[in-house]
Amino acid sequence: MTIRVLLIDPGSSRRENNEPIGIAALASALEGTLGQRVDVQQLFVPFDGPVEQGMLEGCDLVGLSTHLGSLDATRQLAARCACLPAACRPVLVLGGLLATFAPEALLAWLSPAARAICVRGEGEEALVGLVRLLMDVGREGLAQAALATGVPNLVLNLGGAVQHSPRRNIQLEGAAAPRRQHVAELVARGGIVRAEASRGCSYGRCSFCAIQEKYCGQA
């Protein structure tokens, strides 16, 4: 069985062409770990166009990067997912800034019918774990199975109560390079190509720094 995954970056609210490095890293992790068992599509809205309803209907899992200023895009996507019949409703996974720093508020703000799952901090291991469980237990039993098996960095609503799974950083030594399919067009448009040199920062002790929350406070 092939699991179909759509990873979406809505773009920057600052009207700049900023590389969607998050979904590129997630795509690489999924493909490198699961191979042909997963079909991953990346959608960078400023370049690839808006999310069409038909795209959602054909997916098993939809992931959205929740940047600063993306609340409207997040709510619209959740509403679109929620209105689909349960049998073809994709699992909605929210990552990025809002999902990391305000997951409980984000889940409370969205319709419970969307059955959204937030990923705090790094998402590679969490997303691979969720896709593996989709193969094993399907959509209906996914939330319970994710908590029972310890898929890391999740915040989800289960039976009306918000539940957290353990926090964990990925091992950077074995991490694959991002699948950066938008770089050529970014360069052509004079956009911003990302270099994340401080990933896994083991310091995070500056009073102004939010890195501890992203990397779960591990030294």
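The written sequence of each chain sets the order in which its residues are numbered from 1. Side-chain atom pairs in this predicted model are given and counted only at pLDDT of 80 or more, local residue features only at pLDDT of at least 70, and totals for whole chains, interfaces and linings cover all residues. Side-chain metrics rest on all non-hydrogen atoms present in the structure, leaving aside hydrogens and water.

Undergrad: Just to check I follow, could you spell out the nonpolar core for this structure?
TA: Buried together is how nonpolar side chains tend to be arranged in soluble globular proteins. The criterion is simple. A nonpolar core is a set of buried Ala, Val, Leu, Ile, Met, Phe, Trp, Tyr and Cys residues joined through side-chain atoms within 4.5 Å. In this scheme, a residue with accessible area under 20% of its type's maximum is buried, one over 50% is exposed, and one in between is partly exposed, where area comes from a 1.4 Å probe on protein chains only. The biggest cluster of nonpolar side chains holds 31 residues, and the ones touching the most others in it are V5, L7, L30, L61, L130, V131 and L154. What counts as a helix is a DSSP run of H or I of at least four residues, what counts as a strand is a run of E of at least two, and both are numbered from the N terminus. Of all the elements in the fold, those that place two or more residues in this core are β1 (3-9), α1 (21-34), β2 (38-44), β4 (91-95), β5 (116-119), α7 (124-137), α8 (142-149) and β6 (154-158). Sort the elements by how many residues they give to this core and α7 lands first, with eight residues. We call two residues in contact whenever any of their non-hydrogen atoms come within 4.5 Å of each other. Leaving out residues up to four positions away in the same chain, L61 has contacts with R4, V5, L6, P90, V91, V93, L127, L130, V131 and L134. Formed by 24 residues, the second largest nonpolar core is a distinct cluster that contains I8, L64, L77 and C118.

Undergrad: How should the layout of surface pockets be read in this particular structure?
TA: Any space left empty among the atoms is revealed by the rolling of a water-sized probe across them. Both site types are read off a 1 Å grid over the protein atoms alone. A 1.4 Å probe that fits but cannot get out defines a cavity, while an open set with protein on both sides within 12 Å along at least five of seven lines defines a pocket; lining residues have an atom within 4 Å of a point. Grid points are joined across faces, edges and corners, and a volume is the space filled by probe spheres set on the points. The space that makes up the second largest pocket amounts to roughly 400 Å³. Surrounding the second largest pocket, 22 residues form its lining, P112, R115, A116, A143 and N157 being those nearest its centre. Of all the secondary structure elements, the ones that give two or more residues to the lining of the second largest pocket are β4, β5, α8 and β6. Classification convention: Asp, Glu, Lys, Arg as charged; Ala, Val, Leu, Ile, Met, Phe, Trp, Tyr, Cys, Pro as nonpolar; all other residues, Gly among them, as polar. Class assignment of the residues belonging to the lining of the second largest pocket gives a composition of 13 nonpolar, five polar and four charged.

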